[in-house]
Amino acid sequence: ERRVHAVGELEGMRVLVVDDSSTSREILGNYLGAMTFDVSTADSGEAALIMIEHALADNRPYRLILMDWKMPDLDGLETSRIIREDLELSVPIIMMTAFGTIKEAVEAVHRHMVEHARAAGGRIDAVYYCPHAPDDGCDGRKPRPGLVLHAMTAAVFPPTATILGGDTVRDC
């Protein structure tokens, strides 16, 4: 039997697993523990926030968080937002989900983004994305114009009244 072992600065690294599924917490906790990570688990976003605050008070912060997305009450997206914005932490957070398909997950993230914009007084009329990989040769992938042309054709606003956003200057 071959075993995987964390080495260097990863050995003993504090990891928090947040998942409402006891089975998932047990599997991930055991797997990471066997790799010599120092693993704690939380069964909800609320419990995770309390554990994070205690870890900070003890000067033993978590260096990685594995976060389930779909949890009752405080979901993984909102818990992550609180960690970033309210607690002002930059700890890496890996979002996990067994929620449907990739398309459903992307659409759920878009719905969440639209809801946040609306709550802040903003408005997003449509979200377009290309589900293809960069090497698929799709006309909708940057820097090709297919996705923008599709959005402009489908939009009820003229191109001169439409704002396009991207993650780099080259996108716009």
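Keep in mind the model is a prediction, meaning the values are calculated, not measured.

Among the nonpolar cores identified, the biggest contains 17 residues, and Leu16, Val18, Ile52, Ile65, Met67 and Ile83 are the most heavily contacted of them. Taken together, the elements giving at least two residues each to this core come down to strand E1 (14–18), helix H2 (45–57), strand E3 (64–68) and helix H3 (76–86). For this core, the element with the highest residue contribution is H2, accounting for 4 residues. With residues near it in sequence (within four places) discarded, Ile65 still touches Leu16, Val18, Ile52, Ile83, Val91, Pro92, Ile93 and Ile94. In this structure, Val17, Leu32, Phe37 and Leu64 belong to the second largest nonpolar core, which totals 9 residues.

Counting across every chain of the model gives 5 salt bridges. Across the salt bridge formed by Arg14 and Asp38, the nearest N and O atoms sit 3.5 Å from each other. In this pair, Arg14 sits in strand E1 while Asp38 sits in strand E2 (residues 38–42), placing the two residues 24 residues apart along the sequence. Residue Asp38 pairs with Arg60 through a salt bridge whose shortest N-O separation is 2.9 Å.

With 5 of 5 residues buried, E3 is to be regarded as a mostly interior element. Pairing between E1 and E3: 4 bridges, direction parallel. The residue bridging Val18 from the neighbouring strand is Met67, located in E3. Sheet topology note: the E3/strand E4 (residues 93–96) ladder contains 4 bridges and is parallel. Opposite Asp68, over in E4, you have Met96 as the bridge partner.

Here the focus is helix H4 (residues 102–119). An ideal rise of 1.5 Å per residue puts 26 Å on 18 residues; H4 measures up with 26 Å between its terminal C-alpha atoms. Looking at the packing, one finds that the buried side of H4 touches H3. Gly121, located one to two residues past H4, shows a positive phi value of around 90°.

Turning our attention to the side chain of Arg25. By the secondary structure assignment, Arg25 is in helix H1 (residues 22–34). An unpaired buried charge is present at Arg25: no salt bridge exists, and Asp43, the closest side chain of opposite charge, is 5.0 Å distant. Leave out the neighbours within four places in its chain, and Arg25 touches Val17, Asp19, Asp20, Thr41, Ala42 and Asp43.

Bringing the packing of H2 against H3 into the picture now. Running from N to C, H2 and H3 cross one another at 25°; their axes reach a closest spacing of 9 Å. In this view, H2 runs roughly parallel relative to H3, as classed from their interaxial angle. You can see that H2 and H3 cross each other, and the crossing is right-handed. Across the interface between the two elements, Gly45, Leu49 and Ile52 of H2 pack against Thr79, Ile82 and Ile83 of H3. Counted by class, the contact of H2 with H3 contains 4 nonpolar, 2 polar and no charged residues.

Let us now look at the pairing of E2. By the bridge criterion, 5 bridges tie E1 to E2 in an arrangement that is parallel. Counted as the bridge partner of Arg14 is Asp38 from E2. In the classification by handedness, the crossover that spans E1, the intervening H1 and the parallel E2 is right-handed.

Now for a nonpolar patch on the surface. A cluster of nonpolar residues, Val148, Leu149 and Met152, forms a patch on the protein surface that exposes about 220 Å² of accessible area. Position of Leu149 relative to the elements: it lies in helix H5 (residues 146–154).

The rules we used
Residues numbered from 1 in each chain as written. Predicted model: local features only at pLDDT ≥ 70, side-chain atom pairs only at ≥ 80, totals over all residues. Heavy atoms only, no water. Core = buried A, V, L, I, M, F, W, Y, C linked by side-chain atoms within 4.5 Å. Buried < 20%, exposed > 50% of the residue type's maximum accessible area, 1.4 Å probe, protein only. Helix = DSSP H or I, 4+ residues; strand = E, 2+ residues; numbered from the N terminus. Contact = heavy atoms within 4.5 Å. Salt bridge = Lys/Arg side-chain N within 4 Å of Asp/Glu carboxyl O. Pairing = 2+ DSSP bridges. Expected span 1.5 Å × (residues − 1). Lys, Arg positive; Asp, Glu negative; His and termini not counted. Axes fitted to C-alpha atoms, helices over the stretch in contact; angles between N-to-C directions. Parallel < 35°, antiparallel > 145°, perpendicular 65-115°, else oblique. Left-handed = near helix turned anticlockwise from the far one by under 90°. Nonpolar A, V, L, I, M, F, W, Y, C, P; charged D, E, K, R; others polar. Right-handed = clockwise from strand over helix to strand, strands pointing away. Patch = residues over 30% accessible without salt bridge, like charges linked within 9 Å, V, L, I, M, F, W, Y side chains within 5 Å. Areas by Shrake-Rupley, 256 points an atom, 1.4 Å probe, with all protein chains shown as cover.

Everything listed here is a matter of coordinates, which is why it stays silent on function.
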